[in-house]
Amino acid sequence: MGYMDDFYKNVEQVGVVPVVVLDRVEDAVPLGKALAEGGLPAAEVTFRTAAAADSIHAIAQECPDVLVGAGTVLNEAQAKRAVDAGARYIVSPGYDMGVVRWCLAHEVPVIPAGVTPTEVTALVNEGIEVTKFFPAAQYGGLATIRALASVFVGHRFMPTGGVNAENLKDYLADPAIIACGGTWMCKPAMIRAGEFGRICELSREAAAIVRG
């Protein structure tokens, strides 16, 4: 699946995918520009706010260099709405096989989540090569990922939840990890307060760790 391979390369190159909660559409473009300027040109916009679809559309239109996708996608209807808005990929906190199959059928890159051997098996058997590992801290973090990777050889993970500037380097040093997801560089309160300079600064620090 060439489109998935290209997507995976882009994700690995970014290294950290900012997980974004947007309550106001007018914050979307300033945020996208701050992340890109800071060296993290990606945004997983959580699809659990009323402004999510319009925010994705705004970033897709005004920040074409930002790899914008939709997170917290739980069903096919949300997946379709997100893609129609301009989402270039879909991320889920768990997995719904209907969403996975819809994405694959429409050549939409998708990163569903799985934290147990049974979940990862189900996704591998659908042709998924990268899964989100969420919430990473609560499910054992790097130790659990390493145990899974020893069985699912070649499969890779995107840990999210409890990832921060302090442990990012340790996560990314493991070859089983393609990238990390995180909110620490763009917390909702920072976005609401319009602290885009601070977001850019924290993104730059994270990008420096990635480039390491």
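This structure is a prediction, so every number in the text was calculated from the model and none was measured.

(A) Representation of unusual backbone geometry. Residue P135 is reached from F134 by a cis peptide bond, and omega for that bond is -10 degrees. Located in the positive-phi region is T72, a residue other than glycine, with phi close to 55 degrees. Among the secondary structure elements, T72 is positioned in the loop between β3 (67-71) and α4 (76-85). If you check the backbone angles, E107 has positive phi at about 55 degrees while not being a glycine. Among the structural elements, E107 can be located in the loop between α5 (97-105) and β5 (110-111). Residue classification places E107 among the exposed positions, given a relative accessible area of 55%.

(B) How the structure looks around the environment of F152. With respect to the secondary-structure elements, F152 resides in the loop between α7 (141-151) and β7 (156-159). The sequence separation of F152 and A179 amounts to 27 residues, and the corresponding C-alpha distance is 17 Å.

(C) Examining the packing of helix α2 (residues 28-37) against helix α10 (residues 196-211) more closely. Contact pair α2 / α10: the axes reach a minimum separation of 7 Å and the direction vectors enclose 30 degrees. On the basis of their axis angle, the class for α2 and α10 is roughly parallel. Remark: the crossing between α2 and α10 carries right-handed chirality. From α2, P30, L31, A34, L35 and E37 reach across to α10, where they touch F196, I199, C200, S203 and R204. Of the residues that constitute the contact of α2 with α10, the class distribution is seven nonpolar, one polar and two charged.

(D) The pairing of strand β6 (residues 130-133), seen in detail. Covered by surrounding structure in β6 are V130 and K132 together with T131 and F133, the residues of both alternating faces. The pairing of β6 with β7 spans four bridges and is parallel. Looking at the pairing, K132 lines up with M158 of β7. Remark: the β6/α7/β7 crossover connection has right-handed handedness.

(E) Here's a closer look at the pattern of salt bridges. Within the structure shown, the criterion is met by seven salt bridges. Among the salt bridges present, the one from R24 reaches D27, with a minimum N-O distance of 2.9 Å. Among the residues examined, D27 registers a relative accessible area of 7% and is labelled buried.

Criteria and cut-off values
- Residues numbered from 1 in each chain as written.
- Predicted model: local features only at pLDDT ≥ 70, side-chain atom pairs only at ≥ 80, totals over all residues.
- Heavy atoms only, no water.
- Helix = DSSP H or I, 4+ residues; strand = E, 2+ residues; numbered from the N terminus.
- Buried < 20%, exposed > 50% of the residue type's maximum accessible area, 1.4 Å probe, protein only.
- Axes fitted to C-alpha atoms, helices over the stretch in contact; angles between N-to-C directions.
- Parallel < 35°, antiparallel > 145°, perpendicular 65-115°, else oblique.
- Left-handed = near helix turned anticlockwise from the far one by under 90°.
- Contact = heavy atoms within 4.5 Å.
- Nonpolar A, V, L, I, M, F, W, Y, C, P; charged D, E, K, R; others polar.
- Pairing = 2+ DSSP bridges.
- Right-handed = clockwise from strand over helix to strand, strands pointing away.
- Salt bridge = Lys/Arg side-chain N within 4 Å of Asp/Glu carboxyl O.

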